[in-house]
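Topology and contacts: notes
For reference, the chains in residue letters:
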Amino acid sequence: MISRRDFLQVSMAASALYGASGFGQWSRLAAQQALTQDQLLQFDDFGNVSLIHVTDIHAQLKPVYFREPEINFGVGENKGDVPHITGADFRRLYGIEDNSPSHYALTYDDFTALAKGYGRMGGLDRVATVINSIRAARPDALLLDGGDTWHGSYTCHHTAGQDMVNVMNALKPDAMTFHWEFTLGQERVREIVGGLPFAALGQNIFDAEWDEPAEDFAPYKFFERGGVKIAVIGQAFPYMPIANPGWMFPDYSFGIRDEHMQTMVDEVRGQGAELVVCLSHNGFDVDKKMAGVVTGIDVILSGHTHDALPEPVLVGETIVVASGSNGKFVSRVDLDVRDGRMMGFRHKLIPIFSDVIAPDRQVAAVIEEQRAPYIEQLSEVIGQSDGLLFRRGNFNGTWDDLICNALLSEREAEIALSPGVRWGPSVLPGQAITREDIWNVTSMSYPEAYRTEMTGEFLHVVMEDVADNIFNPDPYYQQGGDMVRVGGMGYRIDITKPQGERISEMTLLSTGEPIDPSRNYVVAGWASVNEGTEGPPIWDVVERHIRSAGTVTVTPNTSVEVVGA
Amino acid sequence: MNLTRRETLAAGGAALLATVLPMPSFASVEDLVAEFTGGAEMKSEGLELIAPEIAENGNTVPIEVSAPGATSIMVLATGNPTPPVATFNFGPLAADQAASTRIRLAKTQEVVAIAKLGDGSFARAAQTVKVTIGGCGG
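Cut-offs used in this document
Residues numbered from 1 in each chain as written. Chains lettered and ligands numbered in written order. Predicted model: local features only at pLDDT ≥ 70, side-chain atom pairs only at ≥ 80, totals over all residues. Heavy atoms only, no water. Helix = DSSP H or I, 4+ residues; strand = E, 2+ residues; numbered from the N terminus. Buried < 20%, exposed > 50% of the residue type's maximum accessible area, 1.4 Å probe, protein only. Contact = heavy atoms within 4.5 Å. Areas by Shrake-Rupley, 256 points an atom, 1.4 Å probe, with all protein chains shown as cover. Domains from an automatic or database assignment. Buried area = accessible area lost by both parts, 1.4 Å probe. Salt bridge = Lys/Arg side-chain N within 4 Å of Asp/Glu carboxyl O. Polar contact = N/O pair within 3.5 Å; in protein donor to acceptor, adjacent residues only side chain to side chain. Pairing = 2+ DSSP bridges. Axes fitted to C-alpha atoms, helices over the stretch in contact; angles between N-to-C directions. Patch = residues over 30% accessible without salt bridge, like charges linked within 9 Å, V, L, I, M, F, W, Y side chains within 5 Å. Nonpolar A, V, L, I, M, F, W, Y, C, P; charged D, E, K, R; others polar. Arc of directions from axis to C-beta. Parallel < 35°, antiparallel > 145°, perpendicular 65-115°, else oblique. Left-handed = near helix turned anticlockwise from the far one by under 90°. 1 Å grid on protein atoms, 1.4 Å probe; cavity = no way out; pocket = protein on both sides within 12 Å on 5 of 7 lines; lining within 4 Å. Points joined across faces, edges and corners; volume = space filled by probe spheres on them. UniProt positions renumbered as here; feature names shortened; annotations may be inferred. Core = buried A, V, L, I, M, F, W, Y, C linked by side-chain atoms within 4.5 Å. pLDDT = per-residue confidence, 0-100.

What follows is about the overall build of chain B. In terms of helices and strands, chain B carries two helices and nine strands. Overall, chain B shows an N-to-C arrangement of helices and strands of α-β-α-β-β-β-β-β-β-β-β. When the 138 residues of chain B are sorted by exposure, 41% land in the buried category. Taking as baseline every contact in chain B between residues at least 6 positions apart, the subset at least 24 positions apart corresponds to 64%. Accessible surface, chain B as shown: approximately 7,100 Å² in total, 54% of it carbon and sulfur.

Below is the structure:
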């Protein structure tokens, strides 16, 4: 007699072998310049159900360069666990050869050199090709979108998400959950959701006034696929009104609500669900914790924190799948569901190498249709960069250093603050910076670049508050962004300390003097969650700065000292 | 029948009594607990406290307590200048021993609930609710 756990473990081993061999193989093939679409798509069909997961596309319709993080610390129980392993350590863990395509796709180092060799990744027309190929093998595969889809580009902003809705509809998803979508404002969200040809899910989207499930979003939806009764439960981003401006969607309340998740799982099991899938925008560490708290979820398709993992993580009898961001990856998960339970799985994180995977013509045409009215504005060259511009990482990226410099000079401030968001593709050294590139790292519905005064004491409170949103040892108290980016001020952070004790040695870089708690400092920033914030949109500030510089120079930022990692 | 909370509230069917304690503000949390329990041991089972991990608005934080068979449940906001929030008393005719309300939290703190159960024993549940200035989620 073999228990379900044994089955999963055997299957996990098989999957690990499979994943590793898949990655290893195309490493070698690529070295011989023979990476092909067939190899990327190769998958031995398994079991009777297929799930396709895309998440955190952030409106990137076209292929992009996207450098994965170098600094991505875990705290508490997650210290040293995936996804908090980067670079060479990550490659050793998964048996990825140096300089291989997987090295380029999944880790940060030698990014510029490898990017020149392997090209851009993503593009929803390439994603369509992958989805079509999976559907050719498994016509009733479920396509699930983890959200952060209708946000993040020039065209998405100017069409209030319509470009993404049109392109995603062409991919024919079966269900979706949400985060940045709500920053379009609740009226617009309801308008789009009302016309979606697929399910809009969120068991944790509540009516703010009555504190009961919101009527506009179903908690779950049943699908009958491969003879299996599947329940997909949605989990929207839990901290929407805290991390983003709640005044834009005052009718809704969120939260993790894991006790309600358990109720939903029990409810769908009671209705005969043989497979329970959670389509989540919790973030990876929150999903890992929730998998241990809520019983009865077979698969969590995890989004929000932008992690890409070549293998699922097993928590009890739940597998947690992380599928990256910006259209770089598609996850395929095949499941063997028999006798009302998940017996095993096979998984592949499919990297979307845009030069290798042929674009789907039909979806490519839809994409061009969305971009055509804006193509002149998108393609205007604003300047050049002599270094790599990237954002991802816990503390600073060169894109944000550039944005902070723009704020300091254009808004005549002593200190600049830039939000620790995880979206925003990279620009290679020597590459022209277009208006589209600037919008890809700044586009949002609350872009006002404010200029205000803050006391040194208040600045410290802000820094401590944000730091606790990342480094609180309990994942349920983390919001899933990175640390606020700071220009004009250096500091020291001990990530092991409690809130109030992490940040020290705050220093005004222009004078080298310690920040005086009682003095007022002129601070410029953007993306304030407060209603009524005033200032020019950040993309105009950055554009002016780059235009006047001509070529922007990136210098290494050494102003943050991190201890306790 | 499947009544939503909205319908239940609209029907005015809540059969419980809520008493806001007129406690002096200098009473410490320990004193309040000791007074409620008479110093008895408190177990961790038998009482459920549901509160958000991070408050969306510290001025109105929804919380829920339930303890099957309880005769009363006391709720304390330990970090407020006046910690007592409410004590819910359940009569013998109460359909269930659960209550929900909204509380104001001055800062990040532990919310504590203590229930006096049907057999006279006590149960305690607590959760940290973070009150944050908000910011930037990825």
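All names here are of chain A. Along its sequence, chain A is organised into domain 1 (4–369) and domain 2 (380–563). On a C-alpha basis, the centres of domain 1 and domain 2 stand 28 Å from each other. Contacts between the two partners involve 47 residues from domain 1 and, on the opposite side, 38 residues from domain 2. Both sides of the domain 1 and domain 2 interface together cover about 3,800 Å² of buried area, and 61% of this is carbon and sulfur. Interface area lost by domain 1 to domain 2 is led by Arg-67, Val-75 and Trp-247, which between them contribute 15%. Here domain 1 is connected to domain 2 by one salt bridge. Residue Asp-474 is joined to Lys-289 by a salt bridge in which the shortest nitrogen-to-oxygen separation is 2.8 Å. Across the domain 1-domain 2 interface, the total number found is 17 residue pairs in polar contact (both at pLDDT 80 or more).

Moving on, we get to the side chain of Asp-109 of chain A. Mapping Asp-109 of chain A onto the fold places it in the loop between α4 (101–106) and α5 (111–118). At 2.7 Å, the side chain of Asp-109 of chain A and the side chain of Arg-91 of chain A are in polar contact.

A few words on the sheet that holds strand β3 (residues 48–50) of chain B. All names here are of chain B. What the three strands build is an open sheet, ordered β3-β4-β7; its pairing is antiparallel. The sheet is open, and its two borders are formed by β3 and β7 (98–103), each paired with just one other strand. Strand-to-strand, the axes of this sheet are offset by a mean angle of 15 degrees, without reference to chain direction.

What follows covers a nonpolar patch on the surface. Together, Phe-458 and Val-461 of chain A together with Ile-133 of chain B make up an exposed nonpolar region whose accessible area comes to about 250 Å². For Ile-133 of chain B, a relative accessible area of 44% translates into the label partly exposed.

The next thing to look at is the interface of chain B and chain A. Contacts between the two partners involve 22 residues from chain B, matched on the other side by 41 residues from chain A. Each partner contributes to the roughly 2,500 Å² buried at the junction of chain B and chain A, and carbon and sulfur atoms together form 51% of this total. Where chain B meets chain A, there are one salt bridge. Here Lys-130 of chain B makes a salt bridge to Asp-468 of chain A, at a shortest N to O gap of 2.7 Å. Applying the counting criterion to the chain B and chain A interface returns nine residue pairs in polar contact (both at pLDDT 80 or more). Examining the composition of the side of chain B that touches chain A, we find that three residues originate from one element, helix α1 (residues 5–11) of chain B, more than from any other. Considering only residue class, the side of chain B that touches chain A consists of seven nonpolar, eight polar and seven charged.

The next subject is helix α9 (residues 186–194) of chain A. One full turn of an α-helix is made of 3.6 residues, so residues set three or four places apart face in the same direction. Residue and element names in this part refer to chain A. Here α9 has its buried residues at Gln-186, Arg-188, Val-189, Ile-192 and Val-193. For α9, the arc enclosing every buried residue in end-on projection is 160 degrees, short of the 170-degree limit, so these residues lie on one face. Facing away from the buried surface of α9 by more than 90 degrees, the exposed residues are Glu-187, Glu-191 and Gly-194. Check the buried side of α9 and you find it contacts α8 (162–171), β4 (199–200) and β9 (252–253).

Attention shifts here to the pairing of strand β9 (residues 122–129) of chain B. Residues and elements named next belong to chain B. As judged from the two bridges shared by strand β2 (residues 42–43) and β9, these two strands associate in the parallel manner. Counterpart to Met-42 in the pairing with β9 is Phe-122. Across eight bridges, the pairing between strand β8 (residues 109–116) and β9 is antiparallel. Bridge assignment links Ala-113 to a residue of β9, and that residue is Ala-125.

Each packed pair of helices is defined by two parameters, the angle between the axes and the distance between the axes. Residues and elements named next belong to chain A. For the pair helix α16 (residues 435–442) and helix α18 (residues 538–549), interaxial distance at closest approach is 10 Å and the crossing angle is 135 degrees. Considered as vectors, α16 and α18 are oriented oblique to each other. Taken as a pair, α16 and α18 cross one another with a handedness that is right-handed. Contacts from Arg-435, Ile-438, Trp-439 and Thr-442 of α16 reach α18 at Ile-538, Trp-539, Val-542, Glu-543, Ile-546 and Arg-547.

So, about the sheet that holds strand β19 (residues 450–455) of chain A. All names here are of chain A. Taken in spatial order, the four strands line up as β19-β24-β17-β20 in an open sheet, and their pairing is mixed. On the outer flanks of this sheet lie β19 and β20 (485–487), each paired with one strand and no other. Between one strand and the next, the sheet's axes are offset by a mean angle of 30 degrees, whatever the strand orientation. For β19 and strand β24 (residues 520–525), the ladder comprises six bridges, and the chain directions are antiparallel.

Attention shifts here to empty space enclosed by the protein. All names here are of chain A. Inspection of every chain in the model, using the stated rule, returns six cavities of 30 Å³ or more. Approximately 190 Å³ is the volume found for the largest cavity. The wall of the largest cavity is formed by 22 residues, among which His-84, Asp-285, Thr-305, Arg-422 and Gln-478 lie closest to the centre. Broken down by element, the lining of the largest cavity gets its largest block of residues, three residues, from helix α12 (residues 284–293).

The sites that UniProt annotates as "domain: 5'-Nucleotidase C-terminal" (unreviewed entry) are residues 397–535 of chain A. Secondary structure across residues 397–535 of chain A divides into 27% helix and 26% strand, with the first and last C-alpha atoms of the span separated by 24 Å.

Here we take up the nonpolar core. All names here are of chain A. Of all hydrophobic cores here, the largest spans 134 residues; its most connected members are Phe-182 and Phe-217. Counting residues per element, this core draws most heavily on helix α15 (residues 398–410), which supplies seven residues. Both domains that furnish three or more residues to this core are identified here as domain 1 (4–369) and domain 2 (380–563).

This part covers the pattern of salt bridges. All names here are of chain A. One pass over the structure, following the stated rule, counts 36 salt bridges over all chains. Between Asp-81 and Lys-288 there is a salt bridge whose closest N-O contact spans 3.6 Å. Taken together, the positions of Asp-81 in the loop between β1 (49–54) and α3 (87–94) and Lys-288 in helix α12 put the pair 207 residues apart, joining distant regions of the chain. Assessed through its relative accessible area of 33%, Asp-81 is described here as partly exposed. In this structure, Arg-502 and Asp-468 form a salt bridge, with 2.9 Å as the shortest nitrogen-oxygen distance.

Time to look at the confidence of the model for chain A. In this model, chain A carries a mean pLDDT of 93, and residues with pLDDT of at least 70 account for 94%. Contacts of residues 1–32 of chain A to residues separated by more than four positions or lying in other chains number 53 contacts, the stretch itself having pLDDT below 50.

Residue and element names in this part refer to chain A. The linkage connecting Val-82 with the following residue, Pro-83, adopts the cis geometry, with an omega of 5 degrees. With respect to the secondary-structure elements, Pro-83 resides in the loop between β1 and α3. Positive phi is not limited to glycine here, since Asp-211 has a value of about 50 degrees. The residue Asp-211 is located in the loop between β5 (206–207) and β6 (212–213) in this model.

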